Amino acid sequence: MKLQLKGVTKRFGTFTANDRIDLTVQPGEIHALLGENGAGKSTLMNTIYGLYSPEEGEILLDDKLVTFNGPGDAVEAGIGMVHQHFMLIPVFSVTESVMLGYEPTRKAGIIDFAEARRRVQEISARFGFDVDPDAMIEDLPVGAQQRVEIIKALSRDAKVLILDEPTAVLTPQETDELITIMRQLRESGTSIVFITHKLREVRAIADKITVIRRGKIVGQALPESTETELASLMVGREVNLTTQKEPAEPGDIGFSVKDLTVLSGAGKVVLDNVNLDIARGEILCVAGVDGNGQTELAEAIVGLRSAVAGTITLDGTNLRRMNVKERLNSGIGFVPEDRSTDGVIPGFTVTENFVLDQYDQQPYSNGVAMKPSVMREAAVQQISRFDVRLGTVDDPISTLSGGNQQKVVLAREMSRDIRFFLASQPTRGLDVGSIEFVHRTIIEERDKGTPCLIVSTELDEVSNLADRIAVMYRGVVVGVVPGDTDRDVLGLMMAGVPVEEAYAQAKDHHTILGEADEEAQT
Amino acid sequence: MRSFTPKALFSLAAVGVLALSACGEAPEEEPEEDDAAAEENGEAQADDNSDFTACLVSDAGGWDDQSFNESAFTGLQNAIEDFGIESATAESSSDSDFGPNVDAMVQQGCDLTFGVGFLLEDAIDEAAQENPDLSFGIIDSTLPSEPDNGKPLVFNTSEAAYLAGYVAASMSETDTVATFGGIQIPSVTVFMDGFADGVDRFNEDNDADVSLLGWDKEAQDGSFSGDFDDQSAGRALTEQFLAQDADIIMPVAGPVGLGAAGAIEDDGDAKLIWVDTDGYESTDYGDIILTSVLKQIAQAVYDTVEEGAAGEFTAEPYVGDLENEGVGLAPFHDFEDEVPDEVKDKIEELTAEIISGETVVESENAPQ
Amino acid sequence: MSTEKKNNDDAPAAPGGALKEAESRLHYAVRELSQSSWVITLLSVVVALVVGALLILATNPQVQATTGYFFAQPGDFFLTSFEVIRDAYSALFRGAVYDWQAATPDRAIRPITETLVNAVPLILAGLGIAIGFRSGMLNIGGQGQIILGATCAAFIGYAFNLPVGAHLLLALVGGALGGAIWGGIAGVLKAKTGANEVIVTIMLNNIALYLLAWLLRQQWFVQTGSNQPIAAPVEDSARLFGLLGTGFRLHAGILLAIAATVFVWWLLERSTLGFEFRAIGENPDAARTAGINVPKATALVLIIGGGLCGLGGAAHLLGTEYRLGAGIAGTLGFDAITVALLGRSKPLGTFLAGVLFGGLRAGGVLMQAQTGTPIDIVLVLQSVIVLLIAAPPLVRAIFFLPNPDGTAKSPRRRRLKDQQAAEAAQEPAPTQEVTK
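Predicted model only: the values in this text are computed from it and were never measured.

K.L.:
I tried to follow the overall build of chain C on my own but got confused; where do I start?
P.N.:
Check the secondary structure of chain C and you find 18 helices and zero strands. Expressed as a percentage of its 436 residues, the buried residues of chain C come to 54%. Of the contacts formed within chain C by residues at least 6 apart in sequence, a portion of 73% connects residues at least 24 apart. Surface accessibility of chain C: about 18,100 Å² in total, with carbon and sulfur atoms responsible for 67%.

What follows is the structure, encoded as structure tokens:
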């Protein structure tokens, strides 16, 4: 089916999220929509899916004008969407999930369960999905859950399939399977709109690439374009994708974690005997699919979670019995994973956020009364050093963009006298420019001789920063490998495959993306 | 929001008001003088005492409390009608309003100001001392400094409650009667003391064993609903008493008694004794009210205003008792035929005994 | 694009989910309230006066009489209405600010002093509540804390015999301590067990009320030798001294209220403790991450807030009432919540709101005495003011003010709004998430 947008405009108040978008997706085409966070990709797709109604412009399917008053209309017209966050109910079976909302019924409104089950089997056989129609959603790995979402769309005869950041939660191997599925769908004539901000994937999969920036289409590109070209188009200026860094000069061990075991509130083991050593002047990245204990590791180190066993040693001092404040004061710089929840206080001014974990220390206070002028001066000074774009430091931090908020957090943590730097997802949700800056800052910190521990689920970030990589799977460190380890190996380790085996398997089975990488290098 | 502008709202309301009532005719004759004169027009037959102002300050119960505030208010209204005096009233919404309200009355030029309830005794006492040329009254309490211009209006309700206790004991088929109060304060427990003594007197005279639930006079301890508002608490207490076989119940708790009445009506067999006013007339539960213990606050206020308007105000405490009929037992109304004549005779006998001083109803809660 | 925090297994279908949600919505509402603009507050007062005027008209017998023949002589209706409202509101003003009809100059300026007298406990308790609001805690327990404060102050005031200065000081400190303990119970329970402070403080109100009722029946406590449930008057040495001599009730409590206002401002805006309070109020997660001891700060908020409420009760008793009765707190505890809301939980705002409510109360007395307008109108005025502040869109619609989402507003607001829109644009429609 051919999908065509003409001059589609969507505004929120005075903010124009989509500005006169023209887009054509041919039948049997994988069309990538590339753009930074907040560029307007998701808004555009939600408009196509009928969740938003555009202020201006037309949507045409096979040259016929359509208007949608809700997702129901869009589904009816043959549009399917797989959201970034799956819309599945954990305690439903695959069949139940697929038929939810569009239950095939026999006479008298009785649900035709057998028919639904048959359809699931049929679709999954046609595309080689390998999904058990009777499995419970909560028992399925993320990749399989995504396939259920795709089956759900296909079972409603979707001719245009929208995939919103489908690889964000997948390991490289799972991504690989997704790519295979997408190609099969294309063969069968389904048009696919594929939303992403990851350049490698776009080049490997897409037939056509449309780049969107600040709500506007800024250009079309072919998969043959280089990543740098695409990135420049996406950001609107020249960018360096890989941060230049000198090889690490690791000193002696500055920070180490021994036999660290942490239980969840429900008593489940979320960190199982974790051992890590980080040398001064070295960045250790913790890679892994989201939810495998990395968050808990960071929280346990900084004291937000208590460990049931093990030691956390910084410069020879065991921190395990200390509270958060004592740990921060003994020299941990911490950038939390969820900036808006844990990192900043939105209603506080930039200055107040800048002193958030030092408000009761010299020189900002005498322990009882604070010294606003000293605080302000320090904030102004440090914040200019970190290139934060703001009106004044007296504005609430919520008036700043995400990238600038993160820079304030970095400025706060790095302007202290720290002896260990810990950051969790330091660039999540940031624009390319800010990512560049954050990475450079972290490397500078390393070069000052600080041991750095970076938790990240983005392999791009991991490869960019890491001197060594620890891969976590279900609360266990699967292995620690050098920073330049092949992504296919990392991907296998992220799925729990032990180091040696991962190397062996990766040699035999290259992923599509991996091959693309190799081609690009040669 | 736009479709619901205030203008629209206002015109809607205006139309409603007009449609309902606006088609009347203008009065033939416009009053020539101010409003005060207009009011007096219709009361030409009343004595003209418009240079005398009587005023009333309520406690937090307000004028519609179906209890002593309301009674005092009624007394004042009657006095206005009959004597043609001026008046002002103020309701207190909390205890801290007492002082300012009494002060406002003084500033209004009230010649005689009543405070209703013991809670106002400080405010009235103070105002009386500061304004020796004005007169004051306090209902249900005395004034600590006993000023020459302050009149306590108190009621020895234990005497009337004594009669009620005797009637209740003699009419009980289960040999169990009950009482409860709103809050444990003297003006409440004085009823309960009298009631208890009345029950005892019946037992003594007739060698009977009628038991009383809800009050132990010796220990000064019993059942209280906790306030003068919560009818459901009155209902719950009453249901407890009914479950313990009580068949005549006297709540001393103002409107809370209505909850008791509801429970008794549902029960079907039990009876109620009302207090303060004649419940047969003031409530909807006439058919279950055996009798009422009357506390003639309205009359006392009326009499005091009359004295004041005539320039005969004295600080002599007014103590309502059986003798001056400031307290008393209401008629039996629907139960007139059911109450045996010997009980009626006995009540008259007891009344005479109390008046003569032969029988003394003792209560540590009675006005001193 | 935030990903769910991956500690789902920590809270498997939390049983208190619905309650938690209701709680957070309450907090949100309070925060909204505290961020409404001054213009809205002022306009709300104006609208409330108009609504009050309509109610006065509706209940006034003279006006009712003229509506009966509205079509015959409409002039009557309007003239009478005008006079009734003029009389009522001028009485309100004369009772609250300056009485130009008074007999003596002293009486003429007395109303404003009465306003301040009424304002003292409202300001002190309002500040206590405001500290809670700023720290994300809905302290509904002002009533109980005031009762405890008044009770302790009163007992110290009449049961002890001490030199002049020390007696007053001890009574005030005792009052503050009583409130602090009462608030502290809720604070410690919330800090240690996560108990919902709204529920705990409401229950503590009832406990305080019945505790006082019980105490007032104990002879060792009331020390009066009478059965009336009212305690002995406090000694002169423990009374807050008058500031203006006889004929005025204005007492040193107003100085206390001013001092407390300055103190609370300093506490919230300048002290490290206040920084912690505000931090846990705005975002407890970030506060915890920054090393703030959230349970300790939580307990301290309610202890200090309770202490201020207790001080309010003490000042009320030692300054105006002198005798402790069951109704000592009246509706102060609940009015204090309204005052804190109206004052947008800011110290100066709370002070001004306390004076406004004190004035309404003082003026209401004269309005009732002179024009027979029911005192309840004052309650309606107070309630309508708060109601309208809670519904800014309504006020904007009434006065045709632009919506802050619209164009005609300060640049900062627009920037804020744009960012919110941008976030909305990023975020897909509300999504359910699946845990694995």
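K.L.:
Mind showing me how you'd approach a nonpolar patch on the surface here?
P.N.:
Residues and elements named next belong to chain C. There is a patch of nonpolar side chains on the surface, built from Phe93, Val97, Tyr98, Trp100, Ile109 and Ile112 and spanning about 550 Å² of accessible area. Along the chain, Tyr98 turns up in the loop between helix 4 (74–96) and helix 5 (105–134). A relative accessible area of 41% places Tyr98 in the partly exposed class.

K.L.:
Explain the interface of chain B and chain C to me, please; I cannot follow it from the model alone.
P.N.:
Note on interface size: it is often stated as the accessible area lost on association of the parts. Contact residues are listed per partner, giving 41 residues for chain B and 37 residues for chain C. Contact between chain B and chain C buries roughly 3,300 Å² in total, counting both sides, with carbon and sulfur atoms accounting for 54%. Here chain B and chain C share five salt bridges between them. Across the pair Asp122 of chain B and Arg323 of chain C runs a salt bridge, and its minimum N-O distance is 2.9 Å. Viewed at the interface, chain C and chain B are joined by 11 residue pairs in polar contact (both at pLDDT 80 or more). Of all elements in the fold, only helix 1 (6–21), strand 2 (85–90), helix 4 (98–107) and helix 5 (121–130) of chain B reach the threshold of two or more residues within the side of chain B that touches chain C.

K.L.:
Could you clarify how one ought to interpret the packing of helix 11 (residues 272–282) of chain C against helix 13 (residues 294–321) of chain C in this entry?
P.N.:
How two helices sit against one another is set out by the angle between their axes and by the gap between those axes. Residue and element names in this part refer to chain C. At a closest axis distance of 10 Å, the pairing of helix 11 and helix 13 adopts a crossing angle of 105°. Considering their axes alone, helix 11 and helix 13 lie roughly perpendicular with respect to each other. Judged by residue contacts, Leu273, Glu276, Phe277 and Ile280 of helix 11 engage Val294, Ala297, Thr298, Leu300, Val301 and Ile304 from helix 13. Tallied by class, residues from the contact of helix 11 with helix 13 come to eight nonpolar, one polar and one charged.

K.L.:
Hey, could you run me through the pattern of salt bridges in this one?
P.N.:
A side chain with one charge can pair with a side chain of the opposite charge if their charged atoms come near. Tallied over the full model, the rule gives 62 salt bridges over all chains. As a salt-bridge pair, Arg419 of chain A and Asp315 of chain A come within 2.7 Å of each other at their nearest N and O atoms. With Arg419 of chain A in the loop between helix 14 (402–414) and strand 17 (420–424) and Asp315 of chain A in the loop between strand 14 (309–314) and strand 15 (317–318), the pair connects residues that are 104 residues apart, well separated along the chain. Take Arg419 of chain A: its relative accessible area is 38%, and that puts it in the partly exposed class. Here Arg235 of chain B makes a salt bridge to Asp266 of chain B, at a shortest N to O gap of 2.1 Å. Note that Arg235 of chain B is positioned in helix 8 (residues 231–243) and Asp266 of chain B in helix 9 (residues 256–267), a separation of 31 residues in sequence. Relative accessible area serves as the criterion here: at 54%, Asp266 of chain B is assigned to the exposed category. Bridged by salt links that share partners, the residues Asp103 of chain B together with Arg107, Arg110, Glu114 and Arg249 of chain C form one connected network.

K.L.:
Even after reading the chapter, I still don't get the sheet that holds strand 8 (residues 191–196) of chain A, so can you show me in this structure?
P.N.:
Adjacent strands of a sheet form backbone hydrogen bonds with each other and so pair up, either parallel or antiparallel. Residue and element names in this part refer to chain A. Spatial strand order, 6-7-8-3-9-10: six strands in an open sheet with mixed pairing. The open sheet has two edge strands, strand 6 (79–82) and strand 10 (216–221), and neither has a second partner. Direction aside, neighbouring strands of the sheet carry axes that sit 20° apart on average. Two strands pair when backbone bridges link them, and strand 3 (residues 30–34) and strand 9 (residues 208–213) are joined in this way by four bridges, in the parallel orientation. By the bridge assignment, His31 is partnered in strand 9 with Lys208. Together, strand 6 and strand 7 (160–164) form the strand contacts of helix 5 (residues 142–155), whose direction differs from that of strand 6 by roughly 170°. Relative to the sheet, helix 8 (residues 227–235) contacts strand 3, strand 9 and strand 10, its axis offset from that of strand 9 by approximately 35°.

K.L.:
Before we go on, may I ask you to explain a negative patch on the surface in this structure?
P.N.:
Taken together, the side chains of Glu173, Glu265, Asp267, Asp269, Asp287, Asp334, Asp337 and Glu338 of chain B make up a negatively charged region of the molecular surface. Mapped onto the fold, Asp287 of chain B is located in the loop between helix 10 (279–282) and strand 12 (289–295).

K.L.:
Whenever I open this one, the packing of aromatic side chains confuses me. Can you help?
P.N.:
Each aromatic ring pair is characterised by the separation of its centres together with the angle its planes make. According to the stated counting rule, one finds 19 aromatic pairs over all chains in the structure shown. Between Trp215 of chain B and Phe224 of chain B, the ring centres sit 5.9 Å apart and the planes meet at 90°, which makes this aromatic pair edge-to-face. Residue Trp215 of chain B is classed as buried on the basis of its relative accessible area of 6%. Seen in terms of ring centroids, Phe93 of chain C and Trp100 of chain C are 6.1 Å apart; in terms of plane orientation they differ by 35°. Their pairing is tilted. Counting every residue linked through ring pairs, the aromatic cluster contains Phe155, Tyr158, Phe160, Trp220 and Phe221 of chain C. Residue placement shows Lys407 of chain A over the ring face of Phe437 of chain A; its charged tip is 5.0 Å from the ring centre. Across from the ring centre of Phe348 of chain A, 5.0 Å away, lies the NZ or CZ of Arg278 of chain C, which sits over that ring.

Rules used in this analysis
- Residues numbered from 1 in each chain as written.
- Chains lettered and ligands numbered in written order.
- Predicted model: local features only at pLDDT ≥ 70, side-chain atom pairs only at ≥ 80, totals over all residues.
- Heavy atoms only, no water.
- Helix = DSSP H or I, 4+ residues; strand = E, 2+ residues; numbered from the N terminus.
- Buried < 20%, exposed > 50% of the residue type's maximum accessible area, 1.4 Å probe, protein only.
- Contact = heavy atoms within 4.5 Å.
- Areas by Shrake-Rupley, 256 points an atom, 1.4 Å probe, with all protein chains shown as cover.
- Patch = residues over 30% accessible without salt bridge, like charges linked within 9 Å, V, L, I, M, F, W, Y side chains within 5 Å.
- Salt bridge = Lys/Arg side-chain N within 4 Å of Asp/Glu carboxyl O.
- Buried area = accessible area lost by both parts, 1.4 Å probe.
- Polar contact = N/O pair within 3.5 Å; in protein donor to acceptor, adjacent residues only side chain to side chain.
- Axes fitted to C-alpha atoms, helices over the stretch in contact; angles between N-to-C directions.
- Parallel < 35°, antiparallel > 145°, perpendicular 65-115°, else oblique.
- Nonpolar A, V, L, I, M, F, W, Y, C, P; charged D, E, K, R; others polar.
- Pairing = 2+ DSSP bridges.
- Lys, Arg positive; Asp, Glu negative; His and termini not counted.
- Charge placed at Lys NZ, Arg CZ, Asp CG, Glu CD.
- Phe/Tyr/Trp six-rings, centres within 6.5 Å; stacked < 30°, edge-to-face > 60°.
- Lys NZ or Arg CZ within 6 Å of the ring centre and 35° of its normal.

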